Amino acid sequence: MKNFEFWNPTKIIFGQDTISQIGQEAQKFGKKALLVYGKSSIKQNGVYDKVLKSLRAAQLEVVEFSGVKSNPVLSHVQKGIAYAKQKQVDLIVTVGGGSVIDTGKAIAAGAKTDRDVWDFYIYQATIEDALPVLAVLTLAATGSEMNFTSVLTNEATQQKYAIDTPWIFPKVSILDPTTTYSVPKNYTAYGAIDIISHATEGYFTCEDTWTPIQDRFTEGLVKTVMECTETLLKTPTDYQARATIMWASTLALNGLLTAGIGYYEFPTHMIEHSLSSMYDIAHGAGLSIVTPGWMKYMCQQSPTRFAQFAKRIFGIHEDSTAKTAEKGIEMLKAWFEKIGGPTTLSAGNIPAEEIPQIAANAEQAAILWKLKGYTQEVIIEILNLCR
Ligand SMILES: NC(=O)c1ccc[n+]([C@@H]2O[C@H](COP(=O)([O-])OP(=O)(O)OC[C@H]3O[C@@H](n4cnc5c(N)ncnc54)[C@H](O)[C@@H]3O)[C@@H](O)[C@H]2O)c1
C-alpha cells in the first residue's frame, strides 16, 4: 500500500425524512441562499416543497436559480454566477443529481472571483475561495455529494472538463433515498454504470496492486450495486435497494476506495466526456459504451487485474488469465446491456465515422489531465473496440 492522506469534510445526513434538516444546516452558513435545481422533477416528487419549507422555517431568504440541464453547460453557470453576485447570496443549496450539484459548485467558485470560471476548468487559474455549498441529492450516480469535483461543458468549444478543489466539498449533503423513487429506469441504470465506473477506474489503473482492502471494498460495492440495480428495475420503490445504491454512489467517489492505491487515472471518464460534450447522451450511457472497449484494450496489455475482477465478480475461471479476463469483460458488457445501457457507439446513436473527431477532442483532455499514453491513435483504437 502507498502512503496517503484521506480527508473528507462533508457531513452526510442519510435516511428517510431527513430533508427537513436542510434549513437548520444551511443557516449555519449564512442568511441568504441561492437554491439551484433543474427543471420539473423536484416539483413533481415533492422535494422542492420540502426543501423550501425547511429553509423558510430556518429564516433563510431564498433566491432561486433553476434550469440546470443534464451535462451542465458553461453559459448557464455564468448566468448563475452573475445572479449569485447580484443577489449577494451567502451560500448555495443544490437540489438534484450530479448536474445540479456540479453547477452549484461552479457557481460557488465563480461567485468569489472576477475571473471567468472556465479558467479554473482549463487550469489557467486556481480556486482560492468559494461560497459554501450544500446538497439535497435526488439521483444516485456521481458521488458529487461527497467529493471535491465539478464537471462542466463549455458548449462553444465542446470541451467537458473538471475542477478538483477542497473549496467545493459540500459542507452538508442530505441523502434521502425516497427522493430517488421517481428516477426513471434508464437513469437508474446509467447511475449504476457510473458508480461501477467510479469504483473500478482506480481498481484497474492503480500503481500499487497490493491493495486487498481497497480491492475487496470495490468488488463488494460493484456486486452490491449490480444486485440492487436488478431489484430496482423490477421494484423502483424498494427502499433498501434505493438506500444501498445511494450510499454506494457516495462511497464510490469520495476518496475512500482510492486511498493507498498510489497513482491512478480516469481514462474511461476522459473519453466519455467527449461523447457527452459532442452528442446528446447521458454520462452513464456514454460510460456503458466506452468501458468495455477500454477494458478490452487494456486487457491486451495486462490482463491480471481484469482476471481478478472476472473471478471475484462473476466467478469465472478459464484456463488462462487472459481468457478469464476477456470472459469477465464480456459478462460486464452483457450486464450493462441487460439493464439497458448501450454498449456500442451505434446503440448510443454516435456516428462511428466521427471517431477521429471524438479522439481529437478526447486527446485535449488527456493532455490537460496529463494521462500518459492516450494519443489520438490510441483513443481511436479504443473507440474502434466500442463499435
Ligand atoms: N462531480 C463529480 O464527481 C461527477 C462524477 C461523475 C459525473 N459527473 C457529471 O454529473 C453529470 C451527470 O449527473 P447525474 O448522472 O447525477 O444525472 P443528472 O443530474 O444529469 O440527472 C439526470 C436526469 O435525471 C433527472 N432527475 C434527477 N433526479 C431525479 C428524480 N429524483 N426523479 C426523476 N428524475 C430525476 C434530471 O432532471 C435529469 O433529467 C454529468 O455532467 C457528469 O459528467 C460529475
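An unreviewed UniProt entry lists the chain under the name Iron-containing alcohol dehydrogenase, with Vecturithrix granuli as the source organism.

Chemist: An account of the overall build of the chain is needed here, citing residue identities and associated values.
Modeler: Helix and strand content of the chain: 15 helices and 8 strands. The C-alpha atoms of the chain give a radius of gyration of 20 Å, which matches the 21 Å a tight globule of 387 residues would have. Within the span of the chain, comprising 387 residues, buried residues form 60% of the whole. Summarising the internal contacts of the chain: among those between residues at least 6 apart in sequence, 77% fall at separations of at least 24. For the chain, the accessible surface area stands at approximately 15900 Å², while carbon and sulfur atoms represent 51% of it. With 35 positive and 39 negative side-chain charges, the chain shows a separation of 5 Å between the mean positions of the two kinds.

Chemist: Residue-level account of the side chain of Thr 179, with values.
Modeler: Mapped onto the secondary structure, Thr 179 falls in the loop between β8 (172–175) and α7 (185–205). We classify Thr 179 as buried; its relative accessible area is 4%. In this structure the side chain of Thr 179 is engaged in a polar contact, spanning 3.0 Å, whose partner is the backbone oxygen of Leu 137. A polar atom in the side chain of Thr 179 sits 2.7 Å from the backbone oxygen of Asp 176. Setting aside residues up to four positions removed in sequence, Thr 179 forms contacts with Ile 19, Asn 45, Val 47, Leu 137, Thr 138 and Met 246.

Chemist: Residues and numbers for unusual backbone geometry, please.
Modeler: Positioned with a positive phi, Gln 88 is a non-glycine residue whose angle comes to about 50°. By the element assignment, Gln 88 lies in the loop between α4 (74–87) and β4 (91–96). Judged by relative accessible area, Gln 88 falls into the exposed class, the value being 64%. Not every positive phi belongs to a glycine, and Asn 349 is a case in point at roughly 60°.

Chemist: Could you give an account of the side chain of Asp 176, naming the residues involved and the relevant values?
Modeler: With respect to the helices, strands and loops of the structure, Asp 176 is situated in the loop between β8 and α7. For the buried residue Asp 176, which engages in no salt bridge, the nearest side chain bearing the opposite charge is Lys 50, 5.2 Å off. Polar side-chain contacts of Asp 176 include one of 3.0 Å to the backbone nitrogen of Asp 17. Apart from residues no more than four positions distant in its own chain, Asp 176 is found in contact with Gly 15, Gln 16, Asp 17, Thr 18, Ile 19 and Met 246.

Chemist: Lay out the site of the ligand in plain terms, naming residues and giving numbers.
Modeler: The local shell around the ligand holds 27 residues, among which Ser 70, Gly 98, Ser 99, Lys 160 and Ser 182 are the closest. Protein burial of the ligand: of its 860 Å² of free accessible surface, 87% is covered by the chains. Elements represented by at least two residues in the shell around the ligand include exactly α5 (98–110), β6 (149–154) and α7. In terms of domain composition, the shell around the ligand takes at least three residues from each of domain 1 (11–179) and domain 2 (184–384).

Chemist: Mind laying out a nonpolar patch on the surface, listing which residues take part and the relevant values?
Modeler: A cluster of nonpolar side chains, contributed by Met 1, Phe 4, Phe 6, Ile 213 and Phe 217, occupies part of the molecular surface with about 520 Å² of accessible area. Along the polypeptide, Phe 6 turns up in the segment before β1 (11–14). A residue is classified by how much of its surface remains accessible, and Phe 6, at 39% relative accessible area, is partly exposed.

Chemist: I'd love a proper account of helix α14 (residues 355–368), names of residues and values included.
Modeler: Here α14 contains 14 residues, and its C-alpha end-to-end distance of 20 Å stays within 8% of the 20 Å for a straight helix at 1.5 Å per residue. For α14, the full list of buried residues reads Ile 355, Ile 358, Ala 359, Asn 361, Ala 362, Glu 363, Ala 365, Ala 366 and Leu 368. The secondary structure elements touched by the buried residues of α14 are α6 (118–121), β7 (159–164), α10 (267–278) and α15 (376–384). A positive phi of about 60° marks Lys 370, the residue just after α14.

Chemist: I'd love a proper account of the UniProt feature "domain: Alcohol dehydrogenase iron-type/glycerol dehydrogenase GldA" (unreviewed entry) in the chain, names of residues and values included.
Modeler: Under the feature "domain: Alcohol dehydrogenase iron-type/glycerol dehydrogenase GldA" (unreviewed entry), the UniProt entry names residues 9–177. Between the end C-alpha atoms of residues 9–177 the distance is 21 Å, and the span holds 30% helix and 25% strand.

Chemist: Tell me what's going on with the domain arrangement of the chain, and back it up with residues and numbers.
Modeler: Each domain of the chain was delimited in the assignment, giving domain 1 (11–179) and domain 2 (184–384). Inter-centroid distance (C-alpha atoms) of domain 1 to domain 2 is 26 Å. Contacts between domain 1 and domain 2 engage 30 residues on the former and 28 residues on the latter. Both sides of the domain 1 and domain 2 interface together cover about 2300 Å² of buried area, and 61% of this is carbon and sulfur. The tally of links between domain 1 and domain 2 comes to 0 salt bridges. Breaking the side of domain 1 that touches domain 2 down by element, the ones donating at least two residues are β1, β6 and β7. Sort the elements by how many residues they give to the side of domain 1 that touches domain 2 and β7 lands first, with 4 residues.

Chemist: Provide a residue-level description of the environment of Leu 332, including the pertinent values.
Modeler: Examined against the element boundaries, Leu 332 turns out to sit in helix α13 (residues 321–339). A relative accessible area of 2% places Leu 332 in the buried class. Put simply, Leu 332 and Pro 292 are 40 residues apart on the chain and 7.5 Å apart in space, counted from C-alpha to C-alpha. Excluding anything up to four places from it in sequence, Leu 332 contacts Met 295, Phe 309 and Phe 314.

The rules behind each value
- Residues numbered from 1 in each chain as written.
- Predicted model: local features only at pLDDT ≥ 70, side-chain atom pairs only at ≥ 80, totals over all residues.
- Heavy atoms only, no water.
- Helix = DSSP H or I, 4+ residues; strand = E, 2+ residues; numbered from the N terminus.
- Rg over C-alpha atoms; globule rule 2.2 N^0.38 Å.
- Buried < 20%, exposed > 50% of the residue type's maximum accessible area, 1.4 Å probe, protein only.
- Contact = heavy atoms within 4.5 Å.
- Areas by Shrake-Rupley, 256 points an atom, 1.4 Å probe, with all protein chains shown as cover.
- Lys, Arg positive; Asp, Glu negative; His and termini not counted.
- Charge placed at Lys NZ, Arg CZ, Asp CG, Glu CD.
- Polar contact = N/O pair within 3.5 Å; in protein donor to acceptor, adjacent residues only side chain to side chain.
- Salt bridge = Lys/Arg side-chain N within 4 Å of Asp/Glu carboxyl O.
- Near = heavy atom within 4 Å.
- Domains from an automatic or database assignment.
- Patch = residues over 30% accessible without salt bridge, like charges linked within 9 Å, V, L, I, M, F, W, Y side chains within 5 Å.
- Expected span 1.5 Å × (residues − 1).
- UniProt positions renumbered as here; feature names shortened; annotations may be inferred.
- Buried area = accessible area lost by both parts, 1.4 Å probe.

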